Amino acid sequence: MRASPLQKLIIAILGWGAALLMFFPVAWMVLTSFKTEINAIHSPPLLIFHPTLANYGHVIHLGDYIGALTNSVVISVGATILGLIIGIPAAYAMAFFPNRWTKDLMLWMLSTKMMPAVGVLMPIYLLCQRSGLLDTQTGLILVMMLSNLPIIVWMLYTFFKEIPGDIIEASRMDGAGPLAQLRVVLLPLAGPGIASTALLSIILSWNEAFWSINLTATNAAPLTAFIATFSAPEGLFWAKLSAASTLAVAPILIFGWATQRQLVRGLTFGAVK
Amino acid sequence: MCTLELKNLRKAYGNIEVIKGIDLTINDREFVVFVGPSGCGKSTLLRMIAGLEEITGGDLLIDGVRVNDVPPDKRGLAMVFQSYALYPHMTVADNMAFALRLAGVPKAERDARVQVAAKTLQLDALLDRKPANLSGGQRQRVAIGRAIVRQPKAFLFDEPLSNLDAALRVQTRIEIAKLHNDLQSTMIYVTHDQIEAMTLADRIVVFNAGHIEQVGTPLELYHNPANLFVAGFIGSPKMNLIGAEVESSNGQSSTLRLEGGSPFTVPTALGQGEKVTVGIRPEHIAVTDQGTISGRVEVIEHLGNETIAYASIGGAEPLTVKLPSASTVQLGETLHFAPRGHAALFNQAGQAIALPRG
Ligand SMILES: Nc1ncnc2c1ncn2[C@@H]1O[C@H](COP(=O)(O)OP(=O)(O)O)[C@@H](O)[C@H]1O
Ligand SMILES: [Mg+2]
């Protein structure tokens, strides 16, 4: 299908429009973080103002930014590694040794994502409490991993499905057992797919707020919980909240930007042939 | 040394039986071709032999040992896939050495064996390339090379030429034939192309809908097809198969009325009124004034080395006749045809009726 110049123009406008729409809140947040609290709630909103770094100083001073950052890194990377360790063999089995329950199993896994997390807050909270995992990195890693696992398995499954079955069978004829197949054939071929799965899992874990806020207090609080502390009882301090949020998303934005080629390649893998 | 025995081998997917009890012995150093229309179960049977597909029933014996439950790599067989199935991230040399590497063969010996195979297949100059940088024919040779390097007891080929263009197909076919002569190992080769089967096979196994129709050398199948299916499948252009009814019969010969009205005599006794099918190959038909089958030429194909004429003899199907290229047959001409020697006869069940050789 070839697009006419007019069609191309419309598509470009729509694309840019959507991008701007999504980018606007982020830009506004960054802008607000440089305003004074008075300017931040000024109506109509100010576009021109004297920028200040006071909010950042305040936020870093008041909260434990470095501690929260460390927790975010440990938890998102930990949850991702654990998720891959469990997800890769699972997706491998489902892609290459399916039986008549495989499809149902996959749908069931996905269906767990259709339920609001708050629905299982009590049982999960109690489980964590009884096993002493409340406000620990381990506890959050486990919960985060479990919540991302369906997506990890689904993504890996689609990537594995792209690998021709003949190649796996050829390796079986050549004497490769399940582990050798994984190591020598599957992982190299699905490498880009696995990498983008890992990236997505890190990003999702990084931005996850529900479990972070509910299952941590101080010791294991990641950046999302750190932000939440600025919408405290004294009321909303928009400028400080924006500064905290900017500090929280900056690392993952930089990370996402640095890996965007990999991410886009992986996410559109198979969609475009 | 490699003999394969298939004893009442069966395969079912759920309730659907796709291999319906195959009995076959494949001798040492034999080149056996499985041929049949697509979907008849050739690949499934080959994959059962390879160990890639579970065996539902019956026994598979390699050199007298039952191997139903032996994993693929322990059966000592090598397989060449239609899709080549090369490892895309490895060089040609690594592809060929992969099985040896897994088996823990020392590097020096690995390299030596790869070199030998590469020489045989003229792949020496390509050893450092990745499969993506090879032509289809070269990829197929690498796939064959990967099999050779393992020095398997037997080679299994699943439609290895289907993805090649016509010229390359003929060339690779000849190379495979040569390879069989050089290696003197047992080979099983699956194809839906009867010409590949005829040119390569010591023995052909004709499959249809999950069972064997006939086993024999190419010439046995050509001259003595056991049934209508084999008669129609082997040979190109296809054998003429004409419905007929017995008009009269004495002790030694019978007179038939072919579909379309022409009379036809066969040297055997048959029951009057019996319905049969007469099979005559296009190359076994002569144009002669004494011929009892008369037909009007409707299409002529000049192939250069020969000419194919299609003549209407009154029935549903035209009679296909192979003529020398010098033939001056004209479109619309009415000719008389007679079989030269070989005509085959099939009863109503489609089984061949034995005729005295003449
Ligand atoms: N995994 C499967 N599940 C169900 N039916 C199958 C499966 N694989 C093959 N079949 C069926 O088995 C029959 C034989 O297939 P196949 O051996 O590939 O035929 P061929 O190689 O002769 O073309 C076909 O009818 C096909 O639909
Ligand atoms: Mg097939």
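Predicted model only: the values in this text are computed from it and were never measured.

Peer 1: Report on the overall build of chain B, specifying residues and quantitative values.
Peer 2: Per the secondary structure count, chain B includes 8 helices and 21 strands. The centroid of the 34 positive side-chain charges in chain B is displaced by 7 Å from the centroid of its 37 negative side-chain charges.

Peer 1: Let's hear about the sheet that holds strand S20 (residues 344–346) of chain B: which residues, and what values?
Peer 2: Residues and elements named next belong to chain B. Overall, antiparallel pairing links the 6 strands, which are arranged S13-S12-S11-S14-S20-S21 in an open sheet. Because the sheet does not close on itself, it has two edges, and the strands there are strand S13 (263–266) and strand S21 (352–353). Where strand S14 (residues 275–280) and S20 come together, 3 bridges link them in antiparallel fashion. Directly across from Gly279, in S20, lies its bridge partner Ala344.

Peer 1: Which residues make up the side chain of Lys42 of chain B, and what are the values?
Peer 2: All names here are of chain B. Checked against the element boundaries, Lys42 lands in helix H1 (residues 42–50). Glu159 provides the closest opposite charge to the buried, unpaired Lys42, separated from it by 4.1 Å. There is a polar contact of 3.1 Å between the side chain of Lys42 and the backbone oxygen of Pro37. Sequence-distant contacts of Lys42, that is, excluding residues within four places in its chain, are made with Phe34, Val35, Gly36, Pro37, Glu159, Val190, Thr191 and His192.

Peer 1: Before we move on, can you summarise the packing of helix H7 (residues 137–162) of chain A against helix H9 (residues 178–207) of chain A with the specific residues and values?
Peer 2: Residue and element names in this part refer to chain A. Here H7 crosses H9 at 150°, and the two axes come no closer than 10 Å. With respect to each other, H7 and H9 are oriented roughly antiparallel. Taken as a pair, H7 and H9 cross one another with a handedness that is right-handed. Between H7 and H9, the residues in contact are Met144, Asn148, Ile151, Ile152, Met155, Leu156, Phe159 and Phe160 and Leu186, Ala190, Gly193, Ile194, Ser196, Thr197, Leu200, Ser201, Leu204 and Ser205, respectively. Partitioned by chemical class, the residues of the contact of H7 with H9 number 12 nonpolar, 6 polar and no charged.

Peer 1: Report on empty space enclosed by the protein, specifying residues and quantitative values.
Peer 2: Unoccupied space between atoms shows up once a probe the size of one water molecule is rolled over them. Tallying each qualifying case throughout the model produces 2 cavities of 30 Å³ or more. Roughly 80 Å³ of internal volume is contained in the largest cavity. Around the largest cavity, the lining residues are Ala170, Met173 and Asp174 of chain A together with Ala78, Met79, Val80, Phe81, Ala143, Arg146, Ala147 and Arg150 of chain B. Taken together, the elements giving at least two residues each to the lining of the largest cavity come down to helix H8 (165–173) of chain A together with strand S6 (77–80) and helix H4 (136–149) of chain B. Across the lining of the largest cavity, the residue classes break down as 8 nonpolar, no polar and 3 charged. Asn71, Ser72, Ile75, Ser76, Met144, Ser205, Trp206, Glu208, Ser212, Pro222 and Thr224 of chain A together form the lining of the second largest cavity. Residue assignment for the lining of the second largest cavity shows that the elements contributing at least two residues are helix H4 (65–96) and H9 of chain A. By residue number, the principal contributor to the lining of the second largest cavity is H4 of chain A, which donates 4 residues.

Peer 1: An account of the domain arrangement of chain B is needed here, citing residue identities and associated values.
Peer 2: Residues and elements named next belong to chain B. Segmentation of chain B into domains returns domain 1 (4–232) and domain 2 (237–346). Relative to domain 2, the C-alpha centre of domain 1 lies at a distance of 39 Å. Surface buried jointly by domain 1 and domain 2 totals about 730 Å² across both partners, of which 61% is contributed by carbon and sulfur atoms. The largest contributions to the domain 1 side of the interface with domain 2 come from Tyr222, Leu228 and Ala231, which together make up 63% of the buried area.

Peer 1: I'd like a rundown of the pattern of salt bridges, residues and numbers included.
Peer 2: Counted according to the given criterion, the structure contains 17 salt bridges over all chains. Asp111 of chain B is the partner of Lys107 of chain B in a salt bridge, and the nearest nitrogen-oxygen pair spans 3.0 Å. With a gap of 4 residues between them, Lys107 of chain B and Asp111 of chain B both fall in helix H3 (residues 107–120), about one helical turn apart. Its relative accessible area of 52% is what places Lys107 of chain B among the exposed residues. Through salt bridges that share partners, Glu169 of chain A together with Arg47 and Glu53 of chain B make up one connected network.

Peer 1: Run through the pairing of strand S7 (residues 154–158) of chain B, naming residues and quoting values.
Peer 2: All names here are of chain B. In terms of burial, S7 is largely enclosed, as 5 of its 5 residues are buried. Burial of S7 is two-sided: the residues Ala154, Leu156 and Asp158 facing one way and the residues Phe155 and Phe157 facing the other way are all buried. As paired elements, S6 and S7 share 4 bridges and run parallel to each other. Across the sheet, residue Met79 finds its bridge partner in S7, namely Leu156. Pairing of S7 with strand S8 (residues 186–191) involves 5 bridges; the strand directions are parallel. Of the residues in S8, the one forming a bridge with Leu156 is Ile188. Running through helix H5 (residues 166–183), the crossover from S7 to the neighbouring parallel element S8 is right-handed.

Peer 1: Tell me about the layout of surface pockets, residues and numbers included.
Peer 2: Taken as a whole, the largest pocket spans an internal volume of roughly 610 Å³. If you go around the largest pocket, you meet 24 residues; those closest to its centre are Thr112, Ile124, Val143, Leu146 and Ser147 of chain A. Put simply, the parts of the chain that give the lining of the largest pocket at least two residues each are helix H5 (102–111), helix H6 (121–130) and H7 of chain A. There is about 510 Å³ of room inside the second largest pocket. Contributions of two or more residues to the lining of the second largest pocket are made by H8 of chain A together with strand S1 (4–13) of chain B. For the lining of the second largest pocket, the element with the most residues is H8 of chain A, which contributes 4 residues.

Peer 1: Describe in detail unusual backbone geometry, supporting the description with residues and values.
Peer 2: Here the residue pair Ser43 of chain A and Pro44 of chain A is connected by a cis peptide bond, since its omega of 0° sits within 30 degrees of zero. The residue Pro44 of chain A is located in the loop between helix H2 (37–40) and helix H3 (54–62) in this model. In the segment running from Ser236 of chain B into Pro237 of chain B, the intervening peptide bond is cis, with an omega of 0°. Along the chain, Pro237 of chain B turns up in the loop between helix H8 (228–233) and strand S11 (240–249). Its identity as a non-glycine residue notwithstanding, Tyr84 of chain B has a phi of 70°, on the positive side. Among the secondary structure elements, Tyr84 of chain B is positioned in the loop between S6 and helix H2 (92–102). Taking the relative accessible area as the measure of exposure, Tyr84 of chain B reaches 8% and is therefore buried.

Procedures and definitions
Residues numbered from 1 in each chain as written. Chains lettered and ligands numbered in written order. Predicted model: local features only at pLDDT ≥ 70, side-chain atom pairs only at ≥ 80, totals over all residues. Heavy atoms only, no water. Helix = DSSP H or I, 4+ residues; strand = E, 2+ residues; numbered from the N terminus. Lys, Arg positive; Asp, Glu negative; His and termini not counted. Charge placed at Lys NZ, Arg CZ, Asp CG, Glu CD. Pairing = 2+ DSSP bridges. Buried < 20%, exposed > 50% of the residue type's maximum accessible area, 1.4 Å probe, protein only. Salt bridge = Lys/Arg side-chain N within 4 Å of Asp/Glu carboxyl O. Polar contact = N/O pair within 3.5 Å; in protein donor to acceptor, adjacent residues only side chain to side chain. Contact = heavy atoms within 4.5 Å. Axes fitted to C-alpha atoms, helices over the stretch in contact; angles between N-to-C directions. Parallel < 35°, antiparallel > 145°, perpendicular 65-115°, else oblique. Left-handed = near helix turned anticlockwise from the far one by under 90°. Nonpolar A, V, L, I, M, F, W, Y, C, P; charged D, E, K, R; others polar. 1 Å grid on protein atoms, 1.4 Å probe; cavity = no way out; pocket = protein on both sides within 12 Å on 5 of 7 lines; lining within 4 Å. Points joined across faces, edges and corners; volume = space filled by probe spheres on them. Domains from an automatic or database assignment. Buried area = accessible area lost by both parts, 1.4 Å probe. Right-handed = clockwise from strand over helix to strand, strands pointing away.

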